[in-house]
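Breakdown of the fold
Given next are the chains, with one letter for each unit.
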There are 2 protein chains.
Amino acid sequence: MGAVVKIEGDRREVASIEAIISLTAQDMGRVNELILARAGSDVEMIPEVANHLISSGGKRLRPMLTLAAAQMFGYNGDAHVKLATSVEFMHTATLLHDDVVDESDLRRGKRTARMIWGNQASVLVGDFLLGQAFRMMVDVGSLDALDILSAAASVIAEGEVMQLGAAKNLETTEENYLSVIGAKTAALFSAAAEVGPIVAGGSSDDRTALRSYGMNLGLAFQLIDDALDYGSDSESLGKNVGDDFREGKVTLPVILSYGRGSDEERAFWKRSIEHGSSDDVSLEKARGLMAKHGSIDDTIARARHFGELARDALKPLAETPQKQALLDVIDFCISRVN
Amino acid sequence: MGAVVKIEGDRREVASIEAIISLTAQDMGRVNELILARAGSDVEMIPEVANHLISSGGKRLRPMLTLAAAQMFGYNGDAHVKLATSVEFMHTATLLHDDVVDESDLRRGKRTARMIWGNQASVLVGDFLLGQAFRMMVDVGSLDALDILSAAASVIAEGEVMQLGAAKNLETTEENYLSVIGAKTAALFSAAAEVGPIVAGGSSDDRTALRSYGMNLGLAFQLIDDALDYGSDSESLGKNVGDDFREGKVTLPVILSYGRGSDEERAFWKRSIEHGSSDDVSLEKARGLMAKHGSIDDTIARARHFGELARDALKPLAETPQKQALLDVIDFCISRVN
């Protein structure tokens, strides 16, 4: 659990998040308590919906980043616990709204909240969790942290709208696509990491290092997710393989295959992505074309590239167990595809 | 425009919001500029959706409350302009999400954003505006104002979920219903008013006065809205009469009619509200029962009661043009039904 054997031999044999899990275990206990307390409400449906998602087995990578990034600079108060909880609530709110936007039926192998309680509850409980996230940030009282996290909230929504605009549009360039995932996914990783040095009183250089680490890690993470959507099976991924394909999402494996394809292949992609002809036979054909053009391998290569940038971002920082744990997270995220 | 002849003779002949409009005109010009600037984005769909709603002719009562409440205590910086804009964005975000939750086709006589751009855009642009609202608050840098407004964001969402739980449930008591509208409507009026003395450096008593004024004004405002939904025509209200009825919303006029009704009448309400048999014939019957039991008149009487509380809340404050303008707003809100 949490460990995947890596094929590359140049670093650790096993890419694992055990180190960050163990370093943040005690603080994560406090995060989990705070999650339960702040997702609580006399309005019954709120904890029901929130707990459905919160208990559904995500790795809670984002709050761990905040905790480790604060510990790294010697912090030992409780502001990082509150901010880590805020980050997880922002993430959960995004998932609830995403499921409505994408009309998803499954997430992490479980029925989505909107399938059980309806779109309405997903929208409103998401709003509630976002409100609670802001209250916790305000409680911490750091205007710098508020600045970073509120900017992330806007940018995430902006990225989601951008993705909506690009939906089913095969003219989307790799560059456009990186802007989308930079906003919708990586901005929260980046903010989660940067608020660590902020509460710990780190320097401007420290903030820059963690911000850049988080941003590049987030890009790598999302690209691997995109690859997994075409390359894994439903059980291990916790979502249906081909979800992105069936929803007509133009992710990097599609962009690369379309760009490298023959006229006939492009016609296939247009039928599948733009006109929704995306049954299982088409999915198999799509996977075949991706194999032919190396689109999955190259998506993973791009992810590795951002992983290297994340690694370099931490170079200037002192060697600490937290730094090593954050480096391991990069390898772990990328090695999910092996 | 903005003036309604009142039937009661005990106060001004004409209940008008001209005074608050005129006192805040210059500041509202700055609010409107800021709205355009902060609803802007390189992602085209965002200003399109936002401007559709922002330009659709709401009175912008909430930001005017913030501006007048700050002026009242001699404030003349620009923090109140930013907070007023934040308040309007929070309101706009709520409307966008409400339309999705209620599956509404019309708002203020225009097609809703979700009808034009889809539910997805309504959810996500709402999220974006909420993020932008927080960024502006953070920009102001008052933790007290952030505290009040972030708490309001949670409470509003909580109220909406509460309403969802109470939807189509005729066992909802008047007390429960007041909790719902206290959260979903009045909390934002209250926060909008309270942040005025906060940025102006008012005393704790000043804050209490404005908070209580806003809360009670909000309750009165919502109850009048509920009455109008059964008592006006589509053109003047800008939404369809009977919207609440058709959506099975249990508002105060329904609660009173149900409680006062015969067994046969209760069976009618159950068919209409709980089982969705709410055609035009049923709507006419509902209006007839409300007339019979005085449910609309008594809803208005309840609104007047909260109007009196709002009036009393401002009593301790010095007589200023702003105070008089805020008192006029109470009369205006209530006189909308005459």
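Fair warning: this is a prediction, and the values are worked out from it, not measured in the lab.

**Considerations on the overall build of chain A**
- Along chain A, the regular secondary structure elements total 16 helices and four strands.
- The C-alpha radius of gyration computed for chain A amounts to 20 Å, which stays within 12% of the reference 20 Å derived for 338 residues, consistent with globular compactness.
- If you line up chain A on its principal axes, its C-alpha atoms span 60 × 50 × 35 Å.
- With 338 residues in all, chain A has 61% of them scored as buried.
- For chain A, restricting intrachain contacts to residue pairs at least 6 apart in sequence, the fraction spanning at least 24 positions comes to 74%.

**A short note on the confidence of the model for chain A**
All names here are of chain A.
- Chain-level statistics for chain A give a pLDDT mean of 90 and a share of 93% at 70 or above.
- Per-element mean pLDDT across chain A ranges from 44 in strand E1 (residues 3-5) up to 98 in helix H4 (residues 61-71).
- Within the model, pLDDT remains below 50 along residues 1-13, and this stretch shows 31 contacts once partners closer than five positions in the same chain are excluded.
- Of the regions scoring below 50 in pLDDT, residues 233-238 engages in ten contacts with residues more than four places distant in sequence or in other chains.

**Considering the environment of Asn-76 of chain A**
- Relative to the helices and strands, Asn-76 of chain A resides in the loop between H4 and helix H5 (79-102).
- For the pair Asn-76 of chain A and Ala-200 of chain A, spaced 124 residues apart in sequence, the C-alpha separation works out to 8.1 Å.

**Some words on the environment of Ser-154 of chain B**
- Secondary-structure assignment places Ser-154 of chain B in helix H8 (residues 143-166).
- Residue classification places Ser-154 of chain B among the buried residues on the basis of a relative accessible area of 1%.
- Note: C-alpha distance between Ser-154 of chain B and Gly-74 of chain B (80 residues apart in sequence) is 30 Å.
- Leaving out residues up to four positions away in the same chain, Ser-154 of chain B has contacts with Phe-128, Gly-131, Gln-132 and Arg-135 of chain A.

**So, helix H17 (residues 321-335) of chain B**
- Across its 15 residues, H17 of chain B extends 21 Å between first and last C-alpha, which sits within 8% of the 21 Å expected from 1.5 Å per residue.
- Most of H17 of chain B sits out of view: 13 of its 15 residues are buried.

**Examining the packing of aromatic side chains**
Residue and element names in this part refer to chain A.
- Scanning the entire structure with this criterion turns up nine aromatic pairs over all chains.
- On the basis of an interplanar angle of 75 degrees and a centroid distance of 6.3 Å, the ring pair of Tyr-230 and Phe-245 is categorised as edge-to-face. Placement of Tyr-230 in helix H9 (residues 204-231) and of Phe-245 in helix H11 (residues 243-246) is noted, with a sequence separation of 15 residues between them.
- Ring centres of Phe-245 and Trp-269 lie 6.4 Å apart, and the angle between their planes is 80 degrees; this geometry places the pair in the edge-to-face category.

**Describing the packing of helix H2 (residues 25-38) of chain A against H4 of chain A**
All names here are of chain A.
- For the pair H2 and H4, interaxial distance at closest approach is 10 Å and the crossing angle is 130 degrees. Considering the angle they form, H2 stands oblique to H4. In terms of crossing hand, the pair formed by H2 and H4 is right-handed. Contact residues: Asp-27, Met-28 and Val-31 in H2; Pro-63, Met-64, Leu-67 and Gln-71 in H4.

**Looking at the relation of the copies chain B and chain A**
- If you rotate chain B by 180 degrees and push it 0.0 Å along the axis, it lands on chain A with an RMSD of 0.0 Å. Taken together, these values place the two copies in the relation of a two-fold axis. Relative to the rotation axis, the closest C-alpha in chain B is found at Val-123 of chain B, a distance of 3.7 Å.
- When the interface residues of chain B are mapped onto chain A, 100% of them again fall at the interface, so both copies present the same face.

**Quick look at the interface of chain B and chain A**
- Taken together, the contacts link 35 residues of chain B with 35 residues of chain A.
- Summed over both sides, the interface between chain B and chain A buries roughly 3300 Å², with carbon and sulfur atoms accounting for 78% of that surface.
- Applying the counting criterion to the chain B and chain A interface returns zero salt bridges.
- Viewed at the interface, chain A and chain B are joined by ten residue pairs in polar contact (both at pLDDT 80 or more).
- At the level of elements, helix H3 (45-54), helix H5 (79-102), helix H7 (119-140) and H8 of chain B are the ones that each hand at least two residues to the side of chain B that touches chain A.
- Of the residues in the side of chain B that touches chain A, the class split is 21 nonpolar, eight polar and six charged.

**Focus on the side chain of Thr-94 of chain B**
Residue and element names in this part refer to chain B.
- Mapped onto the elements, Thr-94 comes out in helix H5.
- Polar contacts involving the side chain of Thr-94 include one to the main-chain carbonyl oxygen of Met-90, which spans 2.8 Å.
- The residues touching Thr-94, leaving out its near neighbours within four places in the chain, are Ile-156 and Glu-160.

**Digging into unusual backbone geometry**
- Even without being a glycine, Lys-168 of chain A presents a positive backbone phi close to 60 degrees.
- Checked against the element boundaries, Lys-168 of chain A lands in the loop between helix H7 (143-166) and helix H8 (174-199).
- Take Lys-168 of chain A: its relative accessible area is 38%, and that puts it in the partly exposed class.
- The phi torsion at Arg-60 of chain B lies on the positive side, around 55 degrees, for a residue other than glycine.
- Tracing the backbone shows Arg-60 of chain B in the loop between H3 and helix H4 (61-71).
- Note on Arg-60 of chain B: relative accessible area 17%, which makes it buried.

**A short note on the pattern of salt bridges**
Residues and elements named next belong to chain A.
- For the structure shown, the criterion picks out 43 salt bridges over all chains.
- Notably, a salt bridge pairs Arg-207 with Glu-194, separated by 3.0 Å at the nearest N-O pair. Of this pair, Arg-207 sits in helix H9 while Glu-194 sits in helix H8; the two residues are 13 residues apart in sequence, bridging distant segments of the chain.
- In this structure Glu-194 comes out as buried when scored by relative accessible area, which is 2%.
- Of the charged contacts, one joins Asp-312 and Lys-315 as a salt bridge, the two residues approaching to 3.1 Å between their closest N and O atoms.
- You can call Asp-312 partly exposed: its relative accessible area is 43%.
- Here the salt bridges do not stand alone but share partners, grouping Asp-144, Glu-194, Arg-207 and Arg-211 into one network.

**Structural notes on the side chain of Asp-206 of chain A**
Residue and element names in this part refer to chain A.
- Following the sequence through the fold, Asp-206 ends up in helix H9.
- As a buried residue without a salt bridge, Asp-206 has its nearest oppositely charged side chain in Arg-207, at a separation of 9.3 Å.
- A polar atom in the side chain of Asp-206 sits 2.8 Å from the backbone nitrogen of Ser-203.
- Here Asp-206 is in contact with Phe-73, Pro-197 and Leu-317, once residues within four sequence places are set aside.

**Quick word on the packing of H3 of chain B against H5 of chain B**
Residues and elements named next belong to chain B.
- It is at 11 Å that the axes of H3 and H5 come closest, and there the two elements cross at 100 degrees. As summarised for this structure, H3 and H5 are arranged roughly perpendicular, according to the angle between their axes. Contacts from Val-49, Leu-53 and Ile-54 in H3 reach Phe-89, Thr-92, Leu-95 and Leu-96 in H5.
- Partitioning the contact of H3 with H5 into residue classes produces six nonpolar, one polar and no charged.

Definitions and limits used
- Residues numbered from 1 in each chain as written.
- Chains lettered and ligands numbered in written order.
- Predicted model: local features only at pLDDT ≥ 70, side-chain atom pairs only at ≥ 80, totals over all residues.
- Heavy atoms only, no water.
- Helix = DSSP H or I, 4+ residues; strand = E, 2+ residues; numbered from the N terminus.
- Rg over C-alpha atoms; globule rule 2.2 N^0.38 Å.
- Buried < 20%, exposed > 50% of the residue type's maximum accessible area, 1.4 Å probe, protein only.
- Contact = heavy atoms within 4.5 Å.
- pLDDT = per-residue confidence, 0-100.
- Expected span 1.5 Å × (residues − 1).
- Phe/Tyr/Trp six-rings, centres within 6.5 Å; stacked < 30°, edge-to-face > 60°.
- Axes fitted to C-alpha atoms, helices over the stretch in contact; angles between N-to-C directions.
- Parallel < 35°, antiparallel > 145°, perpendicular 65-115°, else oblique.
- Left-handed = near helix turned anticlockwise from the far one by under 90°.
- Least-squares fit on C-alpha atoms with pLDDT ≥ 70 in both.
- Buried area = accessible area lost by both parts, 1.4 Å probe.
- Salt bridge = Lys/Arg side-chain N within 4 Å of Asp/Glu carboxyl O.
- Polar contact = N/O pair within 3.5 Å; in protein donor to acceptor, adjacent residues only side chain to side chain.
- Nonpolar A, V, L, I, M, F, W, Y, C, P; charged D, E, K, R; others polar.
- Lys, Arg positive; Asp, Glu negative; His and termini not counted.

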